[in-house]
Amino acid sequence: AQRVTQPEKLLSVFKGAPVELKCNYSYSGSPELFWYVQYSRQRLQLLLRHISRESIKGFTADLNKGETSFHLKKPFAQEEDSAMYYCALKTAGTASKLTFGTGTRLQVTL
Amino acid sequence: SQTIHQWPATLVQPVGSPLSLECTVEGTSNPNLYWYRQAAGRGLQLLFYSVGIGQISSEVPQNLSASRPQDRQFILSSKKLLLSDSGFYLCAWSPGQVGYGYTFGSGTRLTVV
């Protein structure tokens, strides 16, 4: 069965500091990886997908199949980045399922 | 554009009472639909998913059930609520294609008293 691990429950950084939210996965098939974000009092929303190799709000994430990781990075943290971040893995097939990690709360302080 | 609606936003129910949470999707057809429960410190747990009308798959044994009476309607139910059913329930949909994530509803906070 697939599994997603986010080892940090809380990550506290200063504004302007680099951010790295860790995510490791285990899955026997070809994975699709995602990062979701949940701001205070807002619904869970998709931040970025590994397949698109995009940068959203300054965040990037590279899928490293050798290390089975999909860490989320941003060079300079902003206050508005404070939120709950979830890494998720989608299994292959028409009946695909999205498995989430336990989430990391990012707290950006002045 | 596609939208997903979930209601009610909050619900307080006594133990032993029935439950019905509804989720509808607009602007798409034949979506994959999902029910998740979000618990603090435990992430999101997939409860049920459906790839078509009347097709329901359960991920974990529990006191809940799901139904899909129409293409874009997904219902989470219980005949008799338990205290342990309290939580935050999220509905989601996806087109079931490679490269697409899930889009989530705004959730229902259920408190069983």
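Above this note sits the structure.
Residues numbered from 1 in each chain as written. Chains lettered and ligands numbered in written order. Predicted model: local features only at pLDDT ≥ 70, side-chain atom pairs only at ≥ 80, totals over all residues. Heavy atoms only, no water.

Chemist: Please explain the sheet that holds strand β7 (residues 60–61) of chain A as it appears in this structure.
Modeler: Backbone hydrogen bonds hold the strands of a sheet together, and the pairing may be parallel or antiparallel. Residue and element names in this part refer to chain A. Spatially, the three strands line up as an open sheet ordered β3-β8-β7, and their pairing is antiparallel. A strand with exactly one partner marks an edge of an open sheet, and here the two such strands are β3 (19–21) and β7. Relative to strand β8 (residues 72–74), β3 is paired through three bridges, and the arrangement is antiparallel. Residue Val19 lies in a different strand from β8, and its bridge partner there is Lys74. (Pairing = 2+ DSSP bridges. Helix = DSSP H or I, 4+ residues; strand = E, 2+ residues; numbered from the N terminus.)

Chemist: I tried to follow the interface of chain A and chain B on my own but got confused; where do I start?
Modeler: Buried accessible area, meaning the area lost when the parts come together, often serves as the stated size of an interface. At the interface, 18 residues of chain A touch 23 residues of chain B. Across the chain A to chain B interface the summed buried area is about 1700 Å²; carbon plus sulfur atoms make up 51%. The largest share of the area that chain A buries against chain B comes from A:Arg43, A:Leu44 and A:Lys97, three residues that together contribute 28% of it. For the pair chain A and chain B, the number of links is one salt bridge. A:Lys97 serves as the salt-bridge partner of B:Glu59, at 3.3 Å between the closest nitrogen and oxygen. The interface formed by chain A and chain B includes eleven residue pairs in polar contact (both at pLDDT 80 or more). Those elements that place two or more of their residues in the side of chain A that touches chain B are β5 (32–38), β9 (83–90) and β10 (98–100) of chain A. Element by element, the count of residues in the side of chain A that touches chain B is highest for β5(A), at four residues. (Contact = heavy atoms within 4.5 Å. Buried area = accessible area lost by both parts, 1.4 Å probe. Salt bridge = Lys/Arg side-chain N within 4 Å of Asp/Glu carboxyl O. Polar contact = N/O pair within 3.5 Å; in protein donor to acceptor, adjacent residues only side chain to side chain.)

Chemist: What is the right way to read unusual backbone geometry from this model?
Modeler: The omega torsion across B:Trp7 and B:Pro8 is 0°, close enough to zero to call that bond cis. Inspection of the secondary structure assignment puts B:Pro8 in the loop between β1 (3–7) and β2 (10–13). A positive phi angle, close to 55°, is found at A:Lys57, a residue other than glycine. Among the secondary structure elements, A:Lys57 is positioned in the loop between β6 (45–49) and β7. Positive phi is not limited to glycine here, since A:Thr68 has a value of about 45°. Within the secondary structure layout, A:Thr68 lies in the loop between β7 and β8. A:Thr68 sits in the partly exposed class, given a relative accessible area of 29%. (Buried < 20%, exposed > 50% of the residue type's maximum accessible area, 1.4 Å probe, protein only.)

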